[in-house]
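# Remarks on the overall topology
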Amino acid sequence: MLEKSFETLYLLFRSNYYTQLVKKIGIIEGSLSATESYCVEIIYLLDKPTVSDFAQYLNLSVPNANYKINSLVKKGYVVRVQSTTDLREQHLHVTEKFLNYYCLNDSVIAALMTRIRETFGAEDVEKLDDMIRRIIELMQTSNNIETN
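From a predicted model like this one, the values you see are computed outputs, not experimental measurements. (Residues numbered from 1 in each chain as written. Predicted model: local features only at pLDDT ≥ 70, side-chain atom pairs only at ≥ 80, totals over all residues. Heavy atoms only, no water.)

### Description of the layout of surface pockets
Unfilled space is identified by rolling a water-sized probe across the atoms. Looking at the second largest pocket, its volume works out to about 200 Å³. For the second largest pocket, the full set of lining residues is Leu9, Leu12, Phe13, Asn16, Val108, Ala111, Leu112 and Arg115. Put simply, the parts of the chain that give the lining of the second largest pocket at least two residues each are helix 1 (2-25) and helix 6 (106-119). (1 Å grid on protein atoms, 1.4 Å probe; cavity = no way out; pocket = protein on both sides within 12 Å on 5 of 7 lines; lining within 4 Å. Points joined across faces, edges and corners; volume = space filled by probe spheres on them. Helix = DSSP H or I, 4+ residues; strand = E, 2+ residues; numbered from the N terminus.)

Below you can see the structure in the form of structure tokens.
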């Protein structure tokens, strides 16, 4: 039961995000494909990874990773920034263009949080928050992802 409930919650969040994304930018030239959207989200979640870090995380060859990154750079969602400590490395930064699209869920999440606080008591909300924080820790440990 827990597995199905968690999967449903996850799918609802993802579905809402992509619905809002398509509403805002539509299916137009220069918009992100599903794969590109996934890749730029991973870059964002890895918090300015090197090209090698990105490739390793997705289990891609560096040339294949560079191909995907170049597409994101060309569309204006990612920039390459030269490392200040190792001039051979480049770090991947998401752009304001990506952040504007990524934050589409903010108003939906804010409305959901208001409804949760109105529906559940303060003690339940605090317990939910604690459980979510612990789930995040478990996921970060198993995925090696730090959230922003």
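### Here's the deal with the packing of aromatic side chains
One pass over the structure, following the stated rule, counts one aromatic pair. Measuring from ring centre to ring centre gives 5.6 Å for Tyr44 and Phe98, while their planes differ by 55 degrees; the resulting arrangement is tilted. Here Phe98 lies in helix 5 (residues 96-102) and Tyr44 lies in helix 2 (residues 34-46), a separation of 54 residues in the sequence. On the basis of relative accessible area, Phe98 is assigned to the buried category, the value being 1%. Lying across the ring of Tyr77, Lys97 places its NZ or CZ 4.6 Å from the centre. (Phe/Tyr/Trp six-rings, centres within 6.5 Å; stacked < 30°, edge-to-face > 60°. Buried < 20%, exposed > 50% of the residue type's maximum accessible area, 1.4 Å probe, protein only. Lys NZ or Arg CZ within 6 Å of the ring centre and 35° of its normal.)

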